[in-house]
There are 2 protein chains.
Amino acid sequence: MVTIYDIAEKAKVSAMTVSRVINESGRISEKTRQRVKKVMEEMHYIPNHMARSLVLQQTNLLYLLITDITNPFYTTVARGAEDAARKSGFRLLFGNSDENLSKEADYIDTILASRADGVLVAPAGDASLPHLSLLRQHKVPFVLLDREVPGIDCDVVLGDSNEGGRALVDYLVSLGHQNIAFVNGSSTVSSARHRLQGYLEGLKQNGLPFRESYCMEASFGMINDLTDMEAWLSSIDPFPSAIIAGNNVLALETIRLLRGRGLSIPSDVSVCCFDDFGPFSEIDPFMTVIAQQAYEFGYQGAQLLLERIKNRDFSEPWSKIVLPTELKPGRSVAERVHES
Amino acid sequence: MVTIYDIAEKAKVSAMTVSRVINESGRISEKTRQRVKKVMEEMHYIPNHMARSLVLQQTNLLYLLITDITNPFYTTVARGAEDAARKSGFRLLFGNSDENLSKEADYIDTILASRADGVLVAPAGDASLPHLSLLRQHKVPFVLLDREVPGIDCDVVLGDSNEGGRALVDYLVSLGHQNIAFVNGSSTVSSARHRLQGYLEGLKQNGLPFRESYCMEASFGMINDLTDMEAWLSSIDPFPSAIIAGNNVLALETIRLLRGRGLSIPSDVSVCCFDDFGPFSEIDPFMTVIAQQAYEFGYQGAQLLLERIKNRDFSEPWSKIVLPTELKPGRSVAERVHES
DNA sequence: GTGAAAGCGCTAACAG
DNA sequence: CTGTTAGCGCTTTCAC
């Protein structure tokens, strides 16, 4: 491996001079600068980030932890975060927790051990608290995306899930639906709680009764065992004319189950959900969704983080950005002429 | 920051002993091991990867470079690669080149500078050659995914694009189509070349003539300026009854343009493409596609890479894995009763 | 079983 | 403008 000492020797200067040329720091005569640069090229020198970070105590490295890399919501978040990071000369690395606390813990370890300058985290849920406390304890600045975690104060970028829930109910009611069920993610995830609350408020605003049996708690992640959801669908009575899913994955699974029961969407049941299906579903937007500004989650989250890193300010007051949502009608919801 | 020296001092041993406890190397009495472990916990010690990698000259770090993080094909590749890497105790970091050579070059620099143990690359195209040569020059093992690059010999995992192209033409012909156009990615990308060849062979097999004007060369990436494609669509004569797109992004753009011209898919024109649209489009598979085993691209690619790293064998013979494709019919292709 | 010394590649601080 | 010294946190080598 070529080091600055190899360069120094060949260019007949000291290692320090080489370092100065690389970092464009300090005053150096144009002549030696050119000579050093030439030797660096000749020897195909590549600086060693680790050695540099070790002495500088900073890595210029940001991490983004998401819970599902195949989910178009998160990949769009990733792109936003990456754009913001690049603009500030930071590198961004991704980790994928799969809604799994132990994978998340692994990534937090990796992040801690690699001394990242900051982290953007979409936490798996409230139980992510110990991981975040660990980051705080080790003074690694972080920003939460999409989900907040009770017990930890920090910058956070959220979607207006509450408003989204109300909008979805309003929309369904305006089309004649009155029996509206809700399959949600785990109540250990803040966005699930807010979405449920929006749903409840929507019902109330429209003078609709809340039925316990109309609500089901599942998981936001890709789970394989759908027995519980299947059982729930069998048990709902009267069967709803519309179902709201807590996110895009749940919508997918719900639709599969409904079709498995021989039901058609939307002629038998209408289905809609939170989160859109990404650019690759735009040609034929089947699902009625509450779209979120995914790119902005990443971009603005990264900006908050970079701001703190630059100012070396890791304390209150914390920012809380709440991004608006937008209802995008698709073909998965139909008008209900008369309620059964 | 807590270092092994802090631990050593408090546990009344030398730093070396602490190091041995951490790495479970060398013989250590159970008593001191326990004491050291206890102190490490008390002091919330986190090992410093950089310092360790600096002396060990290995990072346990793999990179995956993809060309479009929002493309479901690549995110599924990523998941496969991650699973394989984790199984072997390697960390996997992602980079996103956006089909952009200069972003790709930046990532290669970063990878080189951070001394990754290996890289999985979906290259932007043939012009990625210098980047790959750089990796080779610095003895960083790498495996190419999805695309090969003339001029560089290495392990590679490809899809059977040729076969896919023939299958697509066969399928269209079986439905009565004879005027089949092809919007392809850049001919500087190997998969585009193979797909074109499959298309040509498909035509030949079915006794269909090749018309120069039926082929268009665009880009696989999300490009904003669709003027060329628009012009091409205006110029084709006779207008095709079916269009094959070189990948999912091109299919998306083609459909937008066709609809912009007031045409309906599939009643006016049938459209199909290479690459599927990911799990989030499965509920309602609009597009007829040549699906690829995306997960296997990542998984098997990572395995090839890990194999080489473990054996410290970075020379010939190189492996070339060609994964089969599968035609998945959707609603975007219709039967053609009589050809105009 | 345990420790001391040296060095991985780099840069901050100080000299000159 | 340029060089010397010391040290970032860790592990290898060789003693004891």
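Going by the structure above, here's the rest.
This report concerns the structure included in the present document. Everything numeric in this text was worked out from a predicted model, so none of it was measured.

This brings us to the overall build of chain A. Within chain A, the regular secondary structure consists of 12 helices and 12 strands. Taken along the three principal axes of its C-alpha coordinates, chain A extends 90 × 40 × 30 Å. Here the contacts in chain A between residues at least 6 apart in sequence split such that 73% fall between residues at least 24 apart. For chain A, the exposed area adds up to about 14400 Å²; of that, 51% sits on carbon and sulfur atoms. Distance between charge centroids for chain A: 12 Å, based on 34 positive and 43 negative side chains.

The next point concerns the protein's contact with DNA strand C. In the neighbourhood of DNA strand C, 27 residues make up the surrounding shell, with I4, S19 and Y45 of chain A together with T17 and R20 of chain B lying closest. Expressed as a percentage, the sugar and phosphate content of the atoms of DNA strand C within 4 Å of the protein is 66%. Between DNA strand C and A51 of chain A there is a distance of 3.2 Å, counted from a base nitrogen to a backbone nitrogen or oxygen. For the surface near DNA strand C, the secondary-structure elements that each account for two or more residues are α1 (4–11), α2 (15–23) and α4 (49–56) of chain A together with α2 (15–23) and α4 (49–56) of chain B.

All names here are of chain A. Remark: helix α6 (residues 101–113) packs on helix α7 (residues 129–137), axes separated minimally by 10 Å, with the N-to-C direction vectors making an angle of 10 degrees. On the basis of their axis angle, the class for α6 and α7 is roughly parallel. Where α6 abuts α7, its residues L101, E104, A105, I108, D109, I111 and L112 lie against H131, L134 and L135. Tallied by class, residues from the contact of α6 with α7 come to 7 nonpolar, 1 polar and 2 charged.

This part is about the side chain of R195 of chain B. Residues and elements named next belong to chain B. Topologically, R195 is positioned in helix α9 (residues 190–205). Taking the relative accessible area as the measure of exposure, R195 reaches 2% and is therefore buried. Polar side-chain contacts of R195 include one of 2.6 Å to the backbone oxygen of G246. Beyond its immediate stretch of four places on either side in the chain, R195 contacts D146, S161, G165, F182, F220, G246, N247, F274, D275 and Q292.

Counting residues at the interface gives 58 residues for chain A, matched by 58 residues for chain B. For the pair chain A and chain B, the summed buried surface comes to about 5400 Å²; carbon and sulfur atoms form 61% of the total. Contact with chain B buries area across many residues of chain A, yet M50, F280 and I283 of chain A alone supply 16% of it, more than any other trio. Close ionic contact of D106 of chain B with R86 of chain A constitutes a salt bridge, the shortest N to O distance being 2.9 Å. Linking chain A with chain B are 22 residue pairs in polar contact (both at pLDDT 80 or more). Of all the elements in the fold, those that place two or more residues in the side of chain A that touches chain B are α4, α5 (72–87), β2 (91–96), α6 and α11 (248–260) of chain A. The leading source of residues in the side of chain A that touches chain B is α5 of chain A, at 8 residues. Here the residues of the side of chain A that touches chain B sort into 26 nonpolar, 17 polar and 15 charged.

With that settled, the discussion passes to the protein's contact with DNA strand D. Taken together, the neighbourhood of DNA strand D is formed by 26 residues, with T17 and R20 of chain A together with M16, S19 and Y45 of chain B sitting nearest. Among the atoms of DNA strand D lying within 4 Å of the protein, the sugar-phosphate backbone contributes 63%. R20 of chain A places a polar side-chain atom, nitrogen or oxygen, 2.4 Å from a base oxygen of DNA strand D. For the surface near DNA strand D, the elements supplying multiple residues, two or more each, are α2 and α4 of chain A together with α1 (4–11), α2 and α4 of chain B. No other element matches the 4 residues that α4 of chain B contributes to the surface near DNA strand D. Per-class residue counts for the surface near DNA strand D are 14 nonpolar, 9 polar and 3 charged.

Residue and element names in this part refer to chain A. Ordered by their spatial adjacency, 6 strands build an open sheet running β7-β6-β8-β9-β10-β12, and the pairing between neighbours is mixed. This sheet does not close on itself; its edge strands, each paired only once, are β7 (215–217) and β12 (325–328). Taken pair by pair, the neighbouring strands of this sheet meet at an average axis angle of 15 degrees, ignoring direction. Judged from the 3 bridges that link them, strand β9 (residues 270–274) and strand β10 (residues 288–292) form a sheet pairing that is parallel. Directly across from C272, in β10, lies its bridge partner T288.

Turning to the packing of α6 of chain A against helix α5 (residues 72–87) of chain B, a few remarks are in order. Orientation of α6 of chain A relative to α5 of chain B, taken along the N-to-C sense of each, is 75 degrees, at an axis distance of 14 Å. With respect to α5 of chain B, the axis of α6 of chain A lies roughly perpendicular. Residue-level contacts link K103, D106 and Y107 of chain A of α6 of chain A to E82, D83 and R86 of chain B of α5 of chain B. Taken together, the residues that form the contact of α6 of chain A with α5 of chain B break down as 1 nonpolar, no polar and 5 charged.

A word on the pairing of strand β8 (residues 242–245) of chain B. Residue and element names in this part refer to chain B. Residues of β8 alternate between two faces, with A242 and I244 on one and I243 and A245 on the opposite face, all of them buried. Both strand β6 (residues 180–184) and β8 contribute to a ladder of 4 bridges, which runs parallel. The residue of β8 that forms the bridge with F182 is I244. The pairing of β8 with strand β9 (residues 270–274) spans 4 bridges and is parallel.

The operation relating the pair of chain copies consists of a rotation about an axis and a translation along that axis. In screw terms, the move from chain A to chain B is a rotation of 180 degrees and a rise of 0.1 Å along the axis, fitting with an RMSD of 0.1 Å. Those values place the two copies in the arrangement expected of a two-fold rotation axis.

Once that is clear, we can look at helix α10 (residues 227–235) of chain A. Residue and element names in this part refer to chain A. Listed as buried for α10 are M229, W232 and L233. Projection of α10 onto a plane perpendicular to its axis shows the buried side chains occupying an angular sector of 100 degrees, all on one side. Each element contacted by the buried residues of α10 is listed here: β6 (180–184), β7, β8 (242–245) and α11.

Together, L196, L200 and F210 of chain A make up an exposed nonpolar region whose accessible area comes to about 230 Å². Looking at the element boundaries, L200 of chain A is found in helix α9 (residues 190–205).

The next point concerns helix α12 (residues 294–311) of chain A. Residue and element names in this part refer to chain A. For α12, built from 18 residues, the straight-helix expectation of 26 Å at 1.5 Å per residue is met to within 8% by its first-to-last C-alpha distance of 26 Å. Within the sequence span of α12, burial applies to A294, F297, G298, Y299, G301, A302, L304, L305, L306, R308 and I309. A positive backbone phi angle near 50 degrees is found at R312, which sits one or two residues after α12.

Our focus in this paragraph is the sheet that holds strand β11 (residues 320–323) of chain A. Across a sheet, strands are paired by hydrogen bonds formed along the backbone, either parallel or antiparallel in direction. All names here are of chain A. The 6 strands are arranged β2-β1-β3-β4-β5-β11 in an open sheet whose pairing can be described as parallel. Looking at the sheet topology across the chains shown, the edges are occupied by β2 and β11. The average angle at which neighbouring strand axes cross in this sheet is 15 degrees, direction not considered. Looking at chain direction, strand β1 (residues 61–66) and β2 are connected through 6 bridges and run parallel. Within the sheet, the bridge partner assigned to L64 lies in β2 and is F94. The strands that α5 touches are β1, β2, β3 (118–121) and β4 (142–145); relative to β2, the one it contacts most, it runs at about 160 degrees.

Rules used in this analysis
Residues numbered from 1 in each chain as written. Chains lettered and ligands numbered in written order. Predicted model: local features only at pLDDT ≥ 70, side-chain atom pairs only at ≥ 80, totals over all residues. Heavy atoms only, no water. Helix = DSSP H or I, 4+ residues; strand = E, 2+ residues; numbered from the N terminus. Contact = heavy atoms within 4.5 Å. Areas by Shrake-Rupley, 256 points an atom, 1.4 Å probe, with all protein chains shown as cover. Lys, Arg positive; Asp, Glu negative; His and termini not counted. Charge placed at Lys NZ, Arg CZ, Asp CG, Glu CD. Near = heavy atom within 4 Å. Polar contact = N/O pair within 3.5 Å; in protein donor to acceptor, adjacent residues only side chain to side chain. Axes fitted to C-alpha atoms, helices over the stretch in contact; angles between N-to-C directions. Parallel < 35°, antiparallel > 145°, perpendicular 65-115°, else oblique. Nonpolar A, V, L, I, M, F, W, Y, C, P; charged D, E, K, R; others polar. Buried < 20%, exposed > 50% of the residue type's maximum accessible area, 1.4 Å probe, protein only. Buried area = accessible area lost by both parts, 1.4 Å probe. Salt bridge = Lys/Arg side-chain N within 4 Å of Asp/Glu carboxyl O. Pairing = 2+ DSSP bridges. Least-squares fit on C-alpha atoms with pLDDT ≥ 70 in both. Arc of directions from axis to C-beta. Patch = residues over 30% accessible without salt bridge, like charges linked within 9 Å, V, L, I, M, F, W, Y side chains within 5 Å. Expected span 1.5 Å × (residues − 1).

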